[in-house]
Amino acid sequence: MRHTISILIENEAGALSRVAGLFSARGYNIESLTVAPTEDLSVSRMTLVTRGSEAVIEQITKQLNKLIEVIKLNDLTVGKHIERELMMAKIHVPTSKDKEEVKRLIDIFRGRIIDVDDANYTVEMTGTGDKLDAFIHAINSRQIVEVVRSGVLGIARGGKHLSL
């Protein structure tokens, strides 16, 4: 099963490396990883996505909690939560017909054109991974020049929160 884990971690050199090392040493895979400082610059928030049975996820969370740099951890998948991902895609649109069709798809998926040249649109889009995948599949694969995705960001819904 897929799990999204949110971690508050000390913002110091080597902290990310120790988390990644924990996963690689045990043969677990990180599907997505995002890290950025919080409002407290001494603390970073890390969101990672991994897959495994309940026993494997329990083992991962126990091992993560043992790391000195980990302040707090929350498996968002256990409760109601919101996930979003950012994607930028460069799409080749050499003809007027291509431009109109791609604009229509961008509007349908609530994306935004952030750069234009003679034959390419660069598109910005946020949403769930499934939404972004659907957009990519809706575009003719020969038109896709480049795709960059941020990885998953997640936050618990309602009053539940991860803070110091």
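The structure this text deals with has already been given above.
Computed from a predicted model, the values in this text were never measured in an experiment. One numbering rule holds for all chains: residues counted from 1, following each sequence as written. For this predicted model, a pLDDT threshold of at least 70 governs which residues receive local features, and a threshold of 80 or more governs which side-chain atom pairs are given and counted, while totals over whole chains, interfaces and linings are taken from all residues. Side-chain descriptors were evaluated using all non-hydrogen atoms of the structure, hydrogens and water having been removed beforehand.

Visitor: Help me understand the sheet that holds strand 1 (residues 2-10), please; the structure alone is not making it clear to me.
Guide: Pairing between sheet strands relies on hydrogen bonds along the backbone, with the strands arranged either parallel or antiparallel. Note: two strands are recorded as paired if DSSP finds a minimum of 2 bridges between them. Numbering of helices and strands runs from the N terminus, with a helix taken as a DSSP run of H or I at least four residues long and a strand as a DSSP run of E at least two residues long. Overall, antiparallel pairing links the four strands, which are arranged 2-3-1-4 in an open sheet. The open sheet is flanked by strand 2 (30-37) and strand 4 (70-75), the only strands paired with a single partner. Here the average twist between neighbouring strands, direction ignored, is 15 degrees. By definition in these notes, contact holds between two residues if any of their heavy atoms fall within 4.5 Å. Between N-to-C directions, angles cover 0 to 180 degrees, with each direction set by a line fitted to C-alpha atoms, over the stretch in contact for helices. Taken strand by strand, helix 1 (residues 15-25) contacts strand 1, strand 2 and strand 3 (43-51), and its axis lies near 15 degrees from that of strand 3. In this fold helix 2 (residues 54-66) packs onto strand 1, strand 3 and strand 4, with an angle of close to 160 degrees to the strand it touches most, strand 4.

Visitor: I'm lost on unusual backbone geometry in this one. Help?
Guide: Glycine aside, a negative phi is what most residues show, and trans is what most peptide bonds show. Not every positive phi belongs to a glycine, and Arg-110 is a case in point at roughly 55 degrees. Buried residues are those whose accessible area, probed at 1.4 Å on protein chains only, stays under 20% of the maximum for their type, while exposed residues exceed 50% and partly exposed ones sit between those limits. The class of Arg-110 is exposed, set by a relative accessible area of 75%.

Visitor: Before we go on, may I ask you to explain the pattern of salt bridges in this structure?
Guide: Opposite charge on two side chains allows them to pair when their charged atoms are near. Salt bridges are identified by distance alone: a Lys or Arg side-chain nitrogen within 4 Å of an Asp or Glu carboxyl oxygen. For the structure on display, the rule yields nine salt bridges. Here Arg-112 and Glu-124 are joined by a salt bridge, their closest N and O atoms 2.8 Å apart. Remark: Glu-124 occurs in strand 7 (residues 120-127) and Arg-112 occurs in strand 6 (residues 112-116); sequence separation between them is twelve residues. Its relative accessible area of 24% is what places Glu-124 among the partly exposed residues. For the salt bridge of Asp-133 with Arg-149, the shortest nitrogen-to-oxygen distance reads 2.7 Å. On the criterion of sequence distance, the pair formed by Asp-133 in helix 4 (residues 129-138) and Arg-149 in strand 8 (residues 144-149) is long-range, its members being 16 residues apart. Taking the relative accessible area as the measure of exposure, Asp-133 reaches 30% and is therefore partly exposed. A single salt-bridge network, built from bridges that share partners, covers Glu-12, Arg-18 and Glu-69.

Visitor: It is not clear to me how the packing of helix 1 against helix 2 should be interpreted in this structure. Could you clarify?
Guide: Describing two packed helices takes the angle between their axes plus the distance from one axis to the other. Where helix 1 meets helix 2, the axes come as close as 11 Å, and the angle between the chain directions of the two elements is 145 degrees. Relative to helix 2, helix 1 is oriented so that their crossing is right-handed. Facing Val-19, Leu-22 and Phe-23 of helix 1, the residues of helix 2 in contact are Ile-60, Gln-63 and Leu-64. When grouped by side-chain class, the residues that make up the contact of helix 1 with helix 2 number five nonpolar, one polar and no charged. Left-handed describes a crossing in which the near helix is turned anticlockwise from the far one by less than a right angle; the clockwise case is right-handed. The nonpolar class holds Ala, Val, Leu, Ile, Met, Phe, Trp, Tyr, Cys and Pro. Asp, Glu, Lys and Arg form the charged class, and all remaining residues, Gly among them, are polar.

Visitor: Is there a simple way to think about the environment of Thr-95 in this case?
Guide: Among the structural elements, Thr-95 can be located in the loop between strand 5 (81-92) and helix 3 (96-108). Along the primary structure Thr-95 and Ala-119 are separated by 24 residues, whereas in three dimensions their C-alpha atoms are 7.6 Å apart.

Visitor: Would you explain helix 3 in this entry?
Guide: Because each turn of an α-helix spans 3.6 residues, side chains separated by three or four positions end up pointing in the same direction. A helix is expected to span 1.5 Å multiplied by its residue count minus one. In this model, helix 3 (13 residues) spans 18 Å end to end at C-alpha, consistent with the 18 Å of a helix rising 1.5 Å per residue. Along helix 3, the residues that are buried comprise Val-102, Leu-105 and Ile-106. Looking straight down helix 3, one finds its buried side chains confined to an arc of 100 degrees; they lie on one side. The exposed residues of helix 3 that point more than 90 degrees off its buried face are Ser-96, Lys-97, Glu-100, Asp-107 and Ile-108. In this structure, the buried side of helix 3 is in contact with strand 5, strand 6, strand 7 and helix 4. Two residues or fewer past helix 3, Arg-110 is found with a positive phi of approximately 55 degrees. Here the arc refers to the set of directions running from the helix axis out to each C-beta atom.

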